[in-house]
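# Reading the structure
Now for the letters of each chain:
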Amino acid sequence: MAERVDVVVVGAGVAGLVAGRRLHEAGRTVVVLEARDRVGGRTLNDTIAGVTVEVGGQWVGPTQDRINALIDELGLERYPTYDEGQTVVELPGGKVKRFSGDTPPFSPLALVDLLQAQRTLDKLVETVDLDAPWDTPDAPALDAMTFASWLDRRLHTDQARAFHEILTAAALATEPDTMSLLHWLTYIQSGHGLERIIAVTGGAQQDRVVGGSWRVSERLAEDLGEAVVTSAPVRRIAAGDDAVTVTADTGSFEAAQVIVATAPNLAGRIDYEPALPARRDLLTQQLPHGQVIKVMVAYDEPWWRSEGLNGQAASADGPVGVVFDNTVPGHDPGILVGFYEGADALYWGERSPTARRQAFVDCLVRYFGPKAASPVDYLERDWAAEVWTRGCYGAHFPTGAWTRFGPALREPCGPIHWAGTETATRWMGYIDGAVQSGERAAREVLTALT
Ligand SMILES: Cc1cc2nc3c(=O)[nH]c(=O)nc-3n(C[C@H](O)[C@H](O)[C@H](O)COP(=O)(O)OP(=O)(O)OC[C@H]3O[C@@H](n4cnc5c(N)ncnc54)[C@H](O)[C@@H]3O)c2cc1C
């Protein structure tokens, strides 16, 4: 006999755990079924040189109101990312420069190029209807074009082009030719503009959670107790007249309502009975994830700081295109974090950890100098290799996907509701978006249950 609950939540990432928490608070019986043998999904802690760090999502920042409120609610604390000193940029062609402030050390021509394109982009971003990107004025045209095609028309210098390529890789772990212009505009507005998305202080990389961001999931799961079942991949969701039967490897549950809190690519791997409406099913076939290998090296101390560097670097040549200081206060080792992204992650994912470590260190030597050559420890996580994520940081919409399939992103299919950061309107793709989506889905379900 299947156990009966009010709501089954599929997936114990931040979105699913938050949905479970809000439903539990409202007095509903809930079970959260998680495929992995752990909670947290795309957030995860690990250690390097004996220090706990995040190998998945880590930073939170201002305007990320939902995750910041949750951190406070759980009694967790934040600390600022180290952000004092100069940033390093490797220009196309290999010249390495240091700079302070917001303006990269580009040629005057490239800066004008960048600024002109930025003004046009900003105006387009303002037009996006965040609740319904497919209703944005001129949506079909904006969605028919890749961001790369738009850059081809607007930019005339290699440096300005490199800026946007680094940015799309850093934000979505993919290249501008894989996503529609409408998607990039939506993503930018969702994150309150490019400046917020890029920035450390004042932006999305401003803060970290004491003990690592995985503490958020761990605390949520602790409070839910036995309602969270791990190693329970959900294979089938069958909606009958009186109840929905959710079948996992560990057994079945019957519920009045279900929340699927996974990225759309994984929601599409579950069998549904009856079959989902075509628009929803096709949506799950359309939204690929980017590719990320997150890499870290540790040194005895953060030596770059005494050289006036903040540990941040950006390079169009890569293969590790962006680097940050990931040192944890109160611990001696200096830690640098970098990301293989998009095509670089695919290429380097097919090589050995030793080769990836060396390629990362080679980048750091170019960016910061010879002291970077001898780290004492190395840590990596390839998210494209994780079967319950299949790429990261999250999904992006290729051309035509928002306008054809977007309306199915959040629309419930009878008693089945959809959560996960991809369904968020604010900070879509971020931990904050996951929280927003879990809270929204819980509200939907509570309304349906009354
Ligand atoms: C390397 C990396 C760096 C990142 N950096 C940041 C950052 O600095 N700041 C930030 O805000 N965000 C960052 N992100 C993104 C952030 O981690 C995610 O947006 C967020 O964690 C997504 O949460 P979620 O609950 O929506 O999805 P997920 O975390 O993917 O949770 C979905 C869960 O569902 C489970 N699942 C899937 N299929 C099934 C099934 N059939 N049955 C049962 N369970 C299933 C999965 O195992 C998973 O646990 C980063 C991500 C990565 C990978």
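A few points on the structure. (Residues numbered from 1 in each chain as written. Predicted model: local features only at pLDDT ≥ 70, side-chain atom pairs only at ≥ 80, totals over all residues. Heavy atoms only, no water.)

The strands making up a sheet are joined through hydrogen bonds of the backbone, oriented either antiparallel or parallel. The seven strands lie next to each other as 7-6-15-16-17-14-18, forming an open sheet whose pairing is mixed. Lying at the two open borders of the sheet, with one neighbouring strand each, are strand 7 (96-99) and strand 18 (377-382). Each adjacent strand pair in this sheet contributes to an overall mean axis angle of 20°, direction not counted. In terms of strand pairing, strand 14 (residues 292-299) meets strand 18 through six bridges, oriented antiparallel. Of the residues in strand 18, the one forming a bridge with Val297 is Tyr378. On top of the sheet, helix 6 (residues 158-172) reaches strand 15 (309-315), strand 16 (320-325) and strand 17 (334-341); it is set at about 65° to strand 16, its chief contact. Running at roughly 110° to strand 17, helix 13 (residues 353-368) makes contact with strand 6 (86-90), strand 7, strand 14, strand 15, strand 16, strand 17 and strand 18 of the sheet. (Pairing = 2+ DSSP bridges. Helix = DSSP H or I, 4+ residues; strand = E, 2+ residues; numbered from the N terminus. Axes fitted to C-alpha atoms, helices over the stretch in contact; angles between N-to-C directions. Contact = heavy atoms within 4.5 Å.)

Mapping Gly93 onto the fold places it in the loop between strand 6 and strand 7. Judged by its relative accessible area of 79%, Gly93 falls in the exposed class. For the pair Gly93 and Val328, spaced 235 residues apart in the sequence, the C-alpha separation amounts to 34 Å. (Buried < 20%, exposed > 50% of the residue type's maximum accessible area, 1.4 Å probe, protein only.)

So, about the site of the ligand. In the region of the ligand, 37 residues are neighbours, and Glu34, Arg42, Trp59, Thr421 and Ile431 sit closest. Within the backbone of Ala35, one N or O atom sits 3.0 Å away from a nitrogen atom of the ligand. Within the backbone of Trp59, a nitrogen or oxygen atom sits 2.8 Å from an oxygen atom of the ligand. Isolated, the ligand exposes 1000 Å² of accessible area, and the fraction of that covered by the protein chains is 98%. (Near = heavy atom within 4 Å. Polar contact = N/O pair within 3.5 Å; in protein donor to acceptor, adjacent residues only side chain to side chain. Areas by Shrake-Rupley, 256 points an atom, 1.4 Å probe, with all protein chains shown as cover.)

Before going further, it helps to examine the nonpolar core. Ranked by size, the top nonpolar core spans 43 residues in total, and within it Leu121, Phe147, Trp150, Leu181 and Trp184 carry the most contacts. Elements with a minimum of two residues in this core: helix 3 (108-127), helix 4 (139-144), helix 5 (147-154), helix 6, helix 7 (181-190), helix 8 (194-198) and helix 14 (401-405). Here the element with the most residues in this core is helix 7; it accounts for six residues. Excluding its chain neighbours within four sequence positions, the residues that come into contact with Leu181 are Leu121, Leu124, Leu142, Met145, Thr146, Phe147 and Trp150. Residues Val7, Leu17, Leu74 and Val435 belong to the second largest nonpolar core, which totals 36 residues. (Core = buried A, V, L, I, M, F, W, Y, C linked by side-chain atoms within 4.5 Å.)

Further remarks concern the side chain of Glu90. One can find Glu90 in strand 6. A distance of 2.6 Å separates polar atoms of two side chains, one belonging to Glu90 and the other to Ser315. At a separation of 2.7 Å, a polar atom in the side chain of Glu90 contacts the side chain of Arg366. When near neighbours in sequence (up to four residues on either side) are disregarded, Glu90 contacts Lys95, Val96, Ala314, Ser315, Ala316, Asp317, Gly318, Arg366 and Tyr367.

Taken together, the side chains of Asp102, Asp122, Glu126 and Glu195 present a region of like negative charge at the surface. We classify Glu126 as exposed; its relative accessible area is 65%. (Patch = residues over 30% accessible without salt bridge, like charges linked within 9 Å, V, L, I, M, F, W, Y side chains within 5 Å. Salt bridge = Lys/Arg side-chain N within 4 Å of Asp/Glu carboxyl O. Lys, Arg positive; Asp, Glu negative; His and termini not counted. Charge placed at Lys NZ, Arg CZ, Asp CG, Glu CD.)

Along helix 11 (residues 278-286), the residues classified as buried are Arg280, Leu283 and Thr284. In a view along the axis of helix 11, the buried residues occupy a sector of 95°, so they form one face of it. When the buried face of helix 11 is taken as reference, the exposed residues oriented beyond 90 degrees from it are Ala278 and Gln285. If you follow the buried residues of helix 11, they end up packed against helix 10 (264-267), helix 14 and strand 19 (416-418). (Arc of directions from axis to C-beta.)

Once that is clear, we can look at the packing of aromatic side chains. Using the criterion set out here, one finds 17 aromatic pairs in the structure. Centre to centre, the rings of Tyr367 and Phe368 are 6.4 Å apart; their planes meet at 90°, and the pair counts as edge-to-face. Residue Phe368 is classed as buried on the basis of its relative accessible area, which comes to 5%. An aromatic cluster is present here, built from Phe147, Trp150, Trp184, Tyr187, Trp427 and Tyr430 joined pairwise through their rings. The lysine or arginine in question, Lys294, covers the ring of Trp59, its NZ or CZ lying 6.0 Å from the ring centre. The lysine or arginine in question, Arg351, covers the ring of Tyr347, its NZ or CZ lying 3.7 Å from the ring centre. (Phe/Tyr/Trp six-rings, centres within 6.5 Å; stacked < 30°, edge-to-face > 60°. Lys NZ or Arg CZ within 6 Å of the ring centre and 35° of its normal.)

Glancing now at helix 2 (residues 65-73). Within helix 2 the residues assigned to the buried category are Ile67, Asn68, Leu70 and Ile71. End-on, the buried residues of helix 2 take up no more than an arc of 160°, which puts them together on one face. In this fold, the buried residues of helix 2 make contact with helix 1 (14-25), strand 5 (78-80), strand 8 (207-209), helix 9 (214-224) and helix 15 (431-449). Gly75, located one to two residues past helix 2, shows a positive phi value of around 75°.

Tracing the backbone shows Asp207 in strand 8. Although Asp207 lies buried, it forms no salt bridge, and the closest oppositely charged side chain, Arg78, sits 4.8 Å away as judged by the N-O distance. Side chain to side chain, Asp207 and Gln206 meet in a polar contact 3.1 Å long.

What follows is about the packing of helix 1 against helix 9. Where helix 1 contacts helix 9, the two axes come as close as 10 Å, and the packing angle between them is 35°. The handedness of the crossing between helix 1 and helix 9 is left-handed. The segment helix 1 lies against helix 9, with Val14, Leu17, Val18, Gly20, Arg21 and His24 engaging Ser217, Leu220, Ala221, Asp223 and Leu224. Of the residues in the contact of helix 1 with helix 9, the class split is six nonpolar, three polar and two charged. (Left-handed = near helix turned anticlockwise from the far one by under 90°. Nonpolar A, V, L, I, M, F, W, Y, C, P; charged D, E, K, R; others polar.)

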